[in-house]
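Architecture at a glance
Here is what each chain is made of, one letter per residue.
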Amino acid sequence: MPILNLVKKLLKPGGRDQTSEKIAAQPRIYGRPEHTISRAQISPNALKVLYRLKKGGYRACLVGGCVRDLLLGREPKDFDVATDARPDEVKALFRNCRLIGRRFRLAHVRFGREVIEVATFRAGLPRGKGDDWAQEEETGRLLRDNVYGTIEEDAWRRDFTVNALYYDIQDFSVVDYVGGMEDLNHGVLRLIGDPKVRFREDPVRMLRAIRFMIKLGFKLDSSIEVHLKPFAPLLKDIPPARLYDEVLKMFMGGYAVQTFELLRHYELFGPLFPATEQALDQEEHGFPLVFLAHALENTDKRLAEGKIVTPYFLYAALLWEPVRLAARQKEAQGTPPVVAMQEAAGEVLSEQVKHVAIPRRISLPMREVWNLQPRFEQRRGARPYRLLAHPRFRAAYDFLVLRGQSGEAESELVDWWTRFQSAPDSERKKMLEGPRRKTRRRRPRRKAAAKQAFPQE
Ligand code: ATP
Ligand code: MG
């Protein structure tokens, strides 16, 4: 440990707490020949930032997801830099730099569309009692973690060992305080420290565990696995806005089907989408699961083909079952279908946003997709033309197709709309003149279909 850091540590108030015990360990340093990261794989802009910091006399490393991904031979999503320079010192080095964040200041160095995030080494929670900045709630949840620290402390506060590796521009080595390199080579996702403490500090780490396990194709270390179910209810205390981002990252990463299965398996889905979980638990007929399977499969397929997926469609699918059930109940009490759907949508959404926030730019098109569903049943006069001209027709129709695939909507209805939208005008007229169709609620189909879609269920 550099002398200066040692001195700082000794001068630190609170003495040797649990955190500093761990920090006493020496890092394992993997020299340039012992790892596979080459500068050719690193964004030139990230390299510029690293070199400039180094020239300024600071320690500068790549850290987190980018180091992990480079070592795995994957292309990193972005490059994050960690340094011992303070944010204002970083700012002084770069003209194209903006400081962001109130609670914890980060520097964003912008190069056209690429942003390199530069964070000052941060300490985790000193587990001292009675100090005056109350970082922990009674539950142990982390409320503040905005203290600058050493690189060692910065490593220990991170979530998984494979996310705590540093690529040091000083000598192109990989610096490992937590055994991340070994875990990476064995394909193991392991929390740094005691999972009970780390999950309590930040329950979102449970969702991150699922996300990384799937994304990297890693095994969960058994010490993580046994704690997921017991700690799952803690997700209820996470601010809904944070969970909105997390849910999108999980479901829009290209493995939505697997994510859904594992979240349910570890009882992490219920705290996020209680109404959906309840509806799935009660369901007797299988199509809600088939519907979700198709919707999520579709999302994965579109992403694999490089197409865009819209969050509102995904959320509309995730919440469809409770909305559908509530609307059906209202209809049974005599509310007209279109009104029943609007009311059901409002009720389900206002409950849902207590758990996972849904911004209006997402909930408005979600409601449109739902509200248009009963209108597909109206196939006489000018109504089908009006529906066809609706700006959200395409998404609503895709949604109808999914409902058809799960056996929840009549396939005759889906076929009719498939033909109607591409038929020439003369043909459309004939379709509208056909015998008056009475739309009949279909009896649900086979549970077996659900088994096929999610064999684990
Ligand atoms: P991705 O490729 O999905 O971005 P990532 O590892 O870069 O993966 P980020 O969410 O971008 O994930 O976080 C960057 C780094 O910050 C992580 O690698 C980890 O070291 C640390 N980190 C992020 N979230 C947490 C958390 N909740 N608790 C502790 N450390 C965290
Ligand atoms: Mg990242």
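What you see is a predicted model; the values in this text were computed from it and never measured.

**What to know about the packing of aromatic side chains**
Centre-to-centre distance and the angle between the planes together describe a pair of aromatic rings. A full pass over the atoms with the stated rule returns 19 aromatic pairs. Ring geometry for Trp-320 versus Phe-399: centroids 5.3 Å apart, planes at 90 degrees, classification edge-to-face. Taken together, the positions of Trp-320 in helix 17 (residues 320-332) and Phe-399 in helix 21 (residues 393-405) put the pair 79 residues apart, joining distant regions of the chain. The pair Trp-320 / Phe-399 is uniform in exposure class, with both members buried. Here the aromatic rings of Phe-393 and Trp-417 are separated by 5.8 Å at their centres, their planes lie at 45 degrees, and the arrangement is tilted. Of this pair, Phe-393 sits in helix 21 while Trp-417 sits in helix 22 (residues 411-422), and the two are 24 residues apart along the sequence. The exposure class of Phe-393 is buried, given its relative accessible area of 6%.

**Structural notes on a positive patch on the surface**
Together, Lys-48, Arg-52, Lys-55 and Arg-95 give the surface a local cluster of positive charge. Mapping Arg-95 onto the fold places it in the loop between helix 5 (87-93) and strand 4 (97-100).

**Remarks on the site of ligand 1**
Taken together, 15 residues are adjacent to ligand 1, and Arg-68, Asp-202, Arg-205, Arg-211 and Lys-215 come closest. Between Asn-163 and ligand 1, the recorded distance is 3.0 Å, taken from a backbone N or O atom to an oxygen atom. At 2.8 Å, a side-chain N or O of Arg-211 approaches an oxygen atom of ligand 1. Looking at the shell around ligand 1, the elements with two or more residues in it are helix 4 (65-71) and helix 9 (204-216). Element by element, the count of residues in the shell around ligand 1 is highest for helix 9, at five residues. Residue composition of the shell around ligand 1, grouped by class: one nonpolar, three polar and eleven charged.

**Details of helix 16 (residues 311-318)**
The buried fraction of helix 16 is high, at eight of eight residues. Among all positions of helix 16, only Pro-311, Tyr-312, Phe-313, Leu-314, Tyr-315, Ala-316, Ala-317 and Leu-318 are buried.

**Here's the deal with the confidence of the model for the protein**
Across the protein, the average pLDDT comes to 87, with 84% of residues at or above 70. A low-confidence stretch, residues 1-21 (pLDDT under 50), is modelled with 20 contacts involving residues beyond four sequence positions or located in other chains. Scored below 50 in pLDDT, residues 127-136 shows 18 contacts in the model against residues more than four places distant or in partner chains.

Calculation rules
- Residues numbered from 1 in each chain as written.
- Chains lettered and ligands numbered in written order.
- Predicted model: local features only at pLDDT ≥ 70, side-chain atom pairs only at ≥ 80, totals over all residues.
- Heavy atoms only, no water.
- Phe/Tyr/Trp six-rings, centres within 6.5 Å; stacked < 30°, edge-to-face > 60°.
- Helix = DSSP H or I, 4+ residues; strand = E, 2+ residues; numbered from the N terminus.
- Buried < 20%, exposed > 50% of the residue type's maximum accessible area, 1.4 Å probe, protein only.
- Patch = residues over 30% accessible without salt bridge, like charges linked within 9 Å, V, L, I, M, F, W, Y side chains within 5 Å.
- Areas by Shrake-Rupley, 256 points an atom, 1.4 Å probe, with all protein chains shown as cover.
- Salt bridge = Lys/Arg side-chain N within 4 Å of Asp/Glu carboxyl O.
- Lys, Arg positive; Asp, Glu negative; His and termini not counted.
- Charge placed at Lys NZ, Arg CZ, Asp CG, Glu CD.
- Near = heavy atom within 4 Å.
- Polar contact = N/O pair within 3.5 Å; in protein donor to acceptor, adjacent residues only side chain to side chain.
- Nonpolar A, V, L, I, M, F, W, Y, C, P; charged D, E, K, R; others polar.
- pLDDT = per-residue confidence, 0-100.
- Contact = heavy atoms within 4.5 Å.

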